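For reference, the chains in residue letters:
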Amino acid sequence: MPDTSPAKWHLAHTTWFFETLVLLPHAPGYRAVDERWMRLFNSYYEALGPRHPRPQRGLLSRPSTADVLGYRAGVDAALLHFIAEADHDSFDAAAGLIELGLQHEQQHQELLLTDVLHAFSLNPLLPALHSQPAQRPAVSAGSGWTRHGGGLAAVGTASGVGFAFDNETPRHQVVLQPHALARGLVTNGEFRDFIADSGYRRPALWLSEGWSSVQSQGWSAPLYWQLQEDGQPVSEFGLHGLQPWQAEAAVCHLSFFEAAAYAEWAGARLPTEFEWEAAATQADPPDDLFGSVWQWTRSSYDPYPGFRPHTGAVAEYNGKFMVGQIVLRGSSLATPPGHARKSYRNFFPPGARWQFSGLRLARDL
Ligand SMILES: [Fe+2]
């Protein structure tokens, strides 16, 4: 699938990030492990030279996985040596990039899982990444609604307050209207009711582009559901392989279009990213904000007022993607522990289904 990358590429690319952005410019005397690999493992940085196209990453049978693991070990050792030996000024100049490189690698840890899962889903053997029995799937605990009276809310992360990506800054105020957010996530069982009520066959529920996708791609259920002949869900494919479908699990692997159609059917809407963040910071927050599924919002991925990208080559990290994408909030079962924040802004095109993406409803009051 053109949007995904092989595991070997993720391993090499996250190492390339440290080599190219930390070691080559900052570590005296460091020489690239293999100059030719720069082109292979640069993802999207125009300032750092030509790139191998993403849809063809799966064709890179060389370097081998062993070569890539050796690359990682070598760059790790060089980085540790640099950290141990650098003088204060050299270290200060590189410290922010090292932290960004670590956060970047955490992002790729999740992408590696979503990409492996998608590749395995196309294998008729439906292999399981994890051979041990599945844990109980993330269950949406909450019911009812949390109310917000509206008014000014502060969102985003102020600079200097722990790590944040540039897209979460600057902290600023937004105006919220009175609204309510669902305490819990939408569940598989609730989404089954949407399907049973002809949700995928009623164009009035869908955004135009979403309805086109339903028709052109034959969507009739979340990405990894398997249906019986009578249309009832029977199993769901995941990192533990094919598992029995469970009504109480949070619905997952939805596009924004499916999430928005469900909300329309439910007589509700998706929250804005700012309503989500305000709820997350209130004294009595909704349940399952983190660690289950990313939650589609109704917010376009736009720069905050006063947004300034990271400086240098990593200016391309976020800012240039701020068009045509939708913000997701929270985190998923595949997000590395400690990676997400209340101000964290994940983003994907509205048709993306292979991430661990679900939804939480909102309502106007
Ligand atoms: Fe990357």
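All values derive from a computational prediction rather than experimental measurement. (Residues numbered from 1 in each chain as written. Predicted model: local features only at pLDDT ≥ 70, side-chain atom pairs only at ≥ 80, totals over all residues. Heavy atoms only, no water.)

*Asks:* Looking at this model, I keep getting lost on the overall build of the protein chain. Mind explaining?
*Replies:* Secondary structure assignment for the protein chain yields eight helices and twelve strands. For 365 residues, the compact-globule formula gives about 21 Å, and the C-alpha radius of gyration of the protein chain, at 22 Å, lands near that figure. For the protein chain, the spread of C-alpha atoms along the three principal axes comes to 65 × 50 × 35 Å. Here the protein chain holds 365 residues, and 50% of them are scored as buried. Counted over contacts in the protein chain with a minimum sequence separation of 6, partners at least 24 positions apart contribute 77%. Surface exposure of the protein chain reaches about 16,800 Å², of which carbon and sulfur atoms provide 53%. (Helix = DSSP H or I, 4+ residues; strand = E, 2+ residues; numbered from the N terminus. Rg over C-alpha atoms; globule rule 2.2 N^0.38 Å. Buried < 20%, exposed > 50% of the residue type's maximum accessible area, 1.4 Å probe, protein only. Contact = heavy atoms within 4.5 Å. Areas by Shrake-Rupley, 256 points an atom, 1.4 Å probe, with all protein chains shown as cover.)

*Asks:* Honestly, the nonpolar core in this entry has me stumped. Any pointers?
*Replies:* One broad rule of soluble globular proteins: the nonpolar side chains tend to lie buried together. Of all hydrophobic cores here, the largest spans 76 residues; its most connected members are Phe-191, Phe-194, Trp-206 and Leu-359. The biggest single contributor to this core is helix H1 (residues 7-26), with eight residues. Residue contacts for Phe-191: discarding those within four places in its chain leaves Val-186, Tyr-200, Pro-222, Trp-225, Val-251, Leu-254, Glu-258 and Tyr-262. Ala-153, Val-155, Val-174 and Phe-274 belong to the second-largest nonpolar core, a separate cluster that totals seven residues. (Core = buried A, V, L, I, M, F, W, Y, C linked by side-chain atoms within 4.5 Å.)

*Asks:* Got a minute to help me understand the sheet that holds strand S12 (residues 362-364) in this structure?
*Replies:* For sheets, the rule is that strands pair by backbone hydrogen bonds, running either parallel or antiparallel. With respect to topology, three strands assemble into an open sheet ordered S1-S4-S12, the strand pairing being antiparallel. Two strands in the sheet have a free side with no partner beyond their single neighbour: strand S1 (145-148) and S12. Pairs of neighbouring strands in the sheet enclose a mean axial angle of 20°, with direction left out of account. The sheet contact formed by strand S4 (residues 179-182) and S12 spans three bridges and is antiparallel. By the bridge assignment for S12, His-179 is matched with Asp-364. With respect to the sheet, helix H8 (residues 273-281) is in contact with S1, S4 and S12, its orientation differing from that of S4 by roughly 75°. (Pairing = 2+ DSSP bridges. Axes fitted to C-alpha atoms, helices over the stretch in contact; angles between N-to-C directions.)

*Asks:* I would appreciate a short explanation of unusual backbone geometry in the present structure.
*Replies:* With the exception of glycine, the majority of residues adopt a negative phi angle, and the majority of peptide bonds are in the trans configuration. Residue Pro-63 is reached from Arg-62 by a cis peptide bond, and omega for that bond is 0°. With respect to the secondary-structure elements, Pro-63 resides in the loop between helix H2 (37-41) and helix H3 (65-85). One non-glycine residue, His-253, lies in positive phi territory at about 65°. Position of His-253 relative to the elements: it lies in the loop between strand S7 (241-244) and helix H7 (256-265). Unusually for a residue other than glycine, Asp-288 sits at a positive phi of about 55°.

*Asks:* Can you walk me through the coordination of the iron ion in this structure?
*Replies:* In an ideal octahedron of six donors the angles at the metal are 90 or 180 degrees, and in an ideal tetrahedron of four donors they are 109.5 degrees. At the metal site, the iron ion is ligated by His-13 (NE2), His-104 (NE2) and His-108 (NE2), and these contacts range over 2.2 Å. Linear spacing of the donor residues for the iron ion on their chain is H-x90-H-x3-H. Of the two residues, His-104 and His-108 both sit in helix H4 (residues 88-121), four residues apart, roughly one turn of that helix. When its relative accessible area of 10% is taken as the criterion, His-108 is described as buried. (Donors = N, O, S within 2.8 Å, 3.2 Å for Na, K, Ca; no water.)

*Asks:* So what exactly am I meant to see when it comes to the packing of H1 against H4 here?
*Replies:* In helix packing, the relevant descriptors are the interaxial angle and the interaxial distance, both defined with respect to the helix axes. Across the interface, H1 lies against H4 with an axial gap of 9 Å and an inter-helix angle of 175°. Considered as vectors, H1 and H4 are oriented roughly antiparallel to each other. For the contact of H1 with H4, a count of residues per class yields 16 nonpolar, seven polar and two charged. (Parallel < 35°, antiparallel > 145°, perpendicular 65-115°, else oblique. Nonpolar A, V, L, I, M, F, W, Y, C, P; charged D, E, K, R; others polar.)

*Asks:* How should I be thinking about the pattern of salt bridges in this particular structure?
*Replies:* Pairs can form between side chains of opposite charge whenever their charged atoms are close. Here the structure, examined in full by the defined rule, presents 14 salt bridges. In this structure, Glu-168 and Arg-341 form a salt bridge, with 2.7 Å as the shortest nitrogen-oxygen distance. Of this pair, Glu-168 sits in the loop between strand S2 (151-155) and strand S3 (172-176) while Arg-341 sits in the loop between strand S9 (326-329) and strand S10 (346-348), placing them 173 residues apart in sequence. Using a relative accessible area of 18% as the deciding quantity, one classes Arg-341 as buried. Linking Glu-275 and Arg-269 is a salt bridge whose minimum nitrogen-to-oxygen distance equals 2.9 Å. Taken together, the shared-partner salt bridges connect Glu-273, Glu-277, Arg-329 and Arg-345 into one network. (Salt bridge = Lys/Arg side-chain N within 4 Å of Asp/Glu carboxyl O.)

*Asks:* What's the story with the sheet that holds strand S5 (residues 225-227) in this structure? I'm lost.
*Replies:* A sheet is described by the order of its strands in space; here three strands give the open sequence S5-S6-S7, paired in antiparallel fashion. If you trace the sheet from one side to the other, it starts and ends with S5 and S7, each paired once. Mean inter-strand twist for the sheet, computed between neighbouring axes without regard to direction, equals 30°. Of the pairings in the sheet, the one linking S5 to strand S6 (residues 233-238) comprises three bridges and is antiparallel in character. Bridge pairing links Trp-225 to Glu-236 in S6. Seen against the sheet, helix H5 (residues 188-196) touches S5 and S6 and runs at an angle of roughly 50° to S5.

*Asks:* Whenever I open this one, the pairing of strand S8 (residues 294-300) confuses me. Can you help?
*Replies:* Side chains on a regular strand alternate between the two faces of the sheet. Among the seven residues in S8, five count as buried, and that is most of the element. Relative to S9, S8 runs antiparallel, the two being bridged by three bridges. If you follow Ser-300 over to S9, its bridge partner there is Ile-326.

*Asks:* Teacher, can you tell me more about the packing of H1 against H3 here?
*Replies:* At their nearest, the axes of H1 and H3 sit 9 Å apart, and the two run at 30° to each other. Considered as vectors, H1 and H3 are oriented roughly parallel to each other. Crossing hand, H1 versus H3: left-handed. Of the residues in H3, those in contact with Lys-8, Leu-11, Ala-12, Thr-14, Thr-15, Trp-16, Phe-18, Glu-19, Val-22, Leu-23 and His-26 of H1 are Thr-65, Val-68, Leu-69, Tyr-71, Arg-72, Val-75, Ala-78, Leu-79 and Phe-82. Across the contact of H1 with H3, the residue classes tally to 13 nonpolar, four polar and three charged. (Left-handed = near helix turned anticlockwise from the far one by under 90°.)

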